[in-house]
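Chain and residue survey
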Amino acid sequence: MDGGRDVVIRVAGCRKTYGATVAVDEVSFEVYDGEIFGLIGPNGAGKTTTLECVEGLRVPDRGAISVLGLDPFRDVYKLQQRIGVQLQQAQLQKRIKVWEAVDLWASLYRKPPADGERLLDQLGLADKRDAWFMTLSGGQKQRLFIALALVNDPDVVFLDELTTGLDPQARRAIWELVRGIRARGKTVFLTTHLMEEAERLCDRVAIIDHGRIVDIDTPERLVARHCPERSVALTTDDPDAAVRFRAIPRVDEVLAQGPRLTIRGRGDDLVTRVIDCVSEHRIRVTDFRTIVPNLEDVFLTLTGHSIRD
Amino acid sequence: MNGLWKLTWIEIKVFMREPLGAFGTIVVPVLVFVILGRIGGSALSTRSVTVIDLVRVGLPVFAAILIAISAVLSLVTIITIYREGGILKRLRATPLRPQTILTAHVLVKLLLTIVTLVLMMAAGKRYYPVDVRFPVVSFAVALVLSTWSILSIGFVIASVVPTARFAQPVGAAIMYAMVGFSGLFVPVQAMPPAMQALARLIPLTYAVSLLRGIWNGEPWSAHLTDVAALFAVFAIGVAISSRVFRWE
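Residues numbered from 1 in each chain as written. Chains lettered and ligands numbered in written order. Predicted model: local features only at pLDDT ≥ 70, side-chain atom pairs only at ≥ 80, totals over all residues.

Residue and element names in this part refer to chain A. Spatially, S5-S6-S7-S3-S8-S9 is the arrangement adopted by the six strands of the open sheet, whose pairing is mixed. Looking at the sheet topology across the chains shown, the edges are occupied by strand S5 (83-86) and strand S9 (212-217). Going across the sheet, the axis of each strand differs from the next one's by a mean of 15°, ignoring polarity. Of the pairings in the sheet, the one linking strand S3 (residues 36-40) to strand S7 (residues 187-192) comprises five bridges and is parallel in character. Pairing of Phe-37 across the sheet is with Phe-189, part of S7. Against the sheet, helix H5 (residues 138-150) engages S5 and strand S6 (156-160), with an angle of about 160° to S5. (Pairing = 2+ DSSP bridges. Helix = DSSP H or I, 4+ residues; strand = E, 2+ residues; numbered from the N terminus. Axes fitted to C-alpha atoms, helices over the stretch in contact; angles between N-to-C directions. Contact = placed C-beta atoms within 7 Å.)

Here's what the structure looks like:
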């Protein structure tokens, strides 16, 4: 799916240090037109540093970055006309009103801005237009920051830890908004330390740990490449079941805990093979569940530690 | 300077919505002026020359310096709060130029300085005991120039204080220490030589000298050194803060 797509962001050999600390090193990746690209990793892995280098807010010590064909640091003002930015843990003036912020932002861009009132309406902030920033909830603040990032109708939108600190319901609503940005043909570059968010939202992800990119691909292909194991957990009172399942090709082990069996094996067709075996031997099954590895498992396999550590 | 007027207008509105913002910056200097004026006014009956001179010249200049200092302290507080909250960083990640963001704050403070001065003169007309004539416009210009100049020191202070919590006390300590050496209470000529040298290094000295001279009706041409010094202070302050200013 990558073939022939336009590259919007190109990062090559990027390195950035703060004093003696190497924040990121040898970071290289490309972001394609119209995709949601996620940089995922634990806190302190170098996500924000990478993002802020791409946005032109920081200068890398080494390496080349190009965004929409522009150098983010040298052409920062030209670039800012064409990108939208949401920063991690940003705030606005406590007592600025929602409409004042949108109005200020809209006045800063040369391109005729998106209709601010309509944007607030789409983001569910219409009835908050006269509210002070400090009175907004966490989700409302993030929606306002999304509105500000979209006000100049940008080609690329940068979202840094967009849903951190939000409750699951607000998080889901924000995901829907981000998919809406992609549907309008924009490219989205986001960072997150939430694997579920990356899995549900991103077309492709780059896994970053200790300042280095570990692997880049679609979530599905990363899982297939690094965590090919599949498991099926089922409950049966058939005494011969465990023996039958062990006979299935490419099944590594069958664990029995009373009537509950866990069948571990490899390959996408493990589930099919188990089902075939169940029907062939008429094994009476009262519960059937597949356990598929996710990005969290990929991260653990690649880095040797959990993303929450 | 794209967005300067809109940002300045927003900053004014945001400041006026602050419960103590307007009170602290505008009302306090006016109150101090009125209270001291009334105390000094009753002392006038003694006909002592020193007291009359203090009330006639010392008090207005003191009040003017107070206005300028409260503008600087308010600037330091706001800048550090904005930095701590990531507001500066957020504004910087827009096509707003960094100097536009900071200039907006300077304009807000200068405007507040003028408003405070006008209120003080209105209060003075009503409560001030001595019938004083002074060049109103020149004095206002001198005060705005002084405030503009020492606001640049505010940016240097805002660059070095680590957190917003320290902004007010650190700023106040620096500014009021400067007042002591500025010749406001003890004339520079009456100081020992070492202190005189120190006084000449302090930006407020030139502001006090300019304000006092203009209040006394002296022409601007007699204070070109003061004006030049205030411009130099601004230039140095901007040069230092452009190197050490932190946006986050």
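Next comes the rest of the account.
Contacts between the two partners involve 20 residues from chain A, matched on the other side by 17 residues from chain B. Breaking the side of chain A that touches chain B down by element, the ones donating at least two residues are helix H2 (76-80) and helix H3 (98-107) of chain A. Considering each element in turn, the side of chain A that touches chain B owes the most residues, four residues, to H3(A). Residues that form the side of chain A that touches chain B fall into these classes: 11 nonpolar, six polar and three charged. (Nonpolar A, V, L, I, M, F, W, Y, C, P; charged D, E, K, R; others polar.)

Next up on the list: the pairing of strand S12 (residues 260-266) of chain A. Residue and element names in this part refer to chain A. In S12, alternate side chains face the same way, and those of Leu-261, Ile-263 and Gly-265 are buried while those of Arg-260, Thr-262, Arg-264 and Arg-266 on the opposite face are not. Where strand S10 (residues 229-236) and S12 come together, seven bridges link them in antiparallel fashion. Looking across to S12, one finds that Glu-229 is bridged to Arg-266. Here six bridges tie strand S11 (residues 251-257) to S12, and the two strands are oriented antiparallel to one another. What sits directly across from Val-251, in S12, is Gly-265. Counted along the chain from S11 to the antiparallel partner S12, the turn is two residues long, and its residue Gly-258 has a positive phi close to 65°. (Buried ≥ 20, exposed ≤ 12 C-beta atoms within 10 Å, placed from the backbone.)

A few words now on the confidence of the model for chain B. When pLDDT is averaged along chain B, the result is 86, and 90% of the positions lie at 70 or above. For chain B, per-element mean pLDDT is lowest for helix H2 (residues 21-43) of chain B, which scores 73, and highest for helix H10 (residues 224-244) of chain B, which scores 94. (pLDDT = per-residue confidence, 0-100.)

In this structure, His210(A) is a non-glycine residue whose phi angle is positive, near 50°. With respect to the element layout, His210(A) can be found in the loop between strand S8 (204-209) and S9.

The subject of this paragraph is the sheet that holds S12(A). Residues and elements named next belong to chain A. Across the sheet, four strands lie side by side as S11-S12-S10-S13; this open sheet has antiparallel pairing. Each end of this open sheet is capped by a strand with a single partner; those strands are S11 and strand S13 (285-291). Going across the sheet, the axis of each strand differs from the next one's by a mean of 15°, ignoring polarity. Sheet strands in contact with helix H10 (residues 270-280) are S10, S12 and S13, and its direction is about 25° off that of S10.

It is worth spelling out the nonpolar core at this point. Grouped together as the largest cluster of nonpolar side chains are 135 residues, with contacts concentrated most on Ala101(A), Ala147(A), Ile65(B), Ala68(B), Val72(B), Ala207(B) and Leu211(B). It is helix H3 (residues 49-84) of chain B that provides the largest number of residues to this core, a total of 17 residues. Ignoring sequence-local partners within four residues, the contact set of Ile65(B) consists of Val179(B), Leu184(B), Leu204(B), Ala207(B) and Val208(B). (Core = buried A, V, L, I, M, F, W, Y, C linked by C-beta atoms within 7 Å.)

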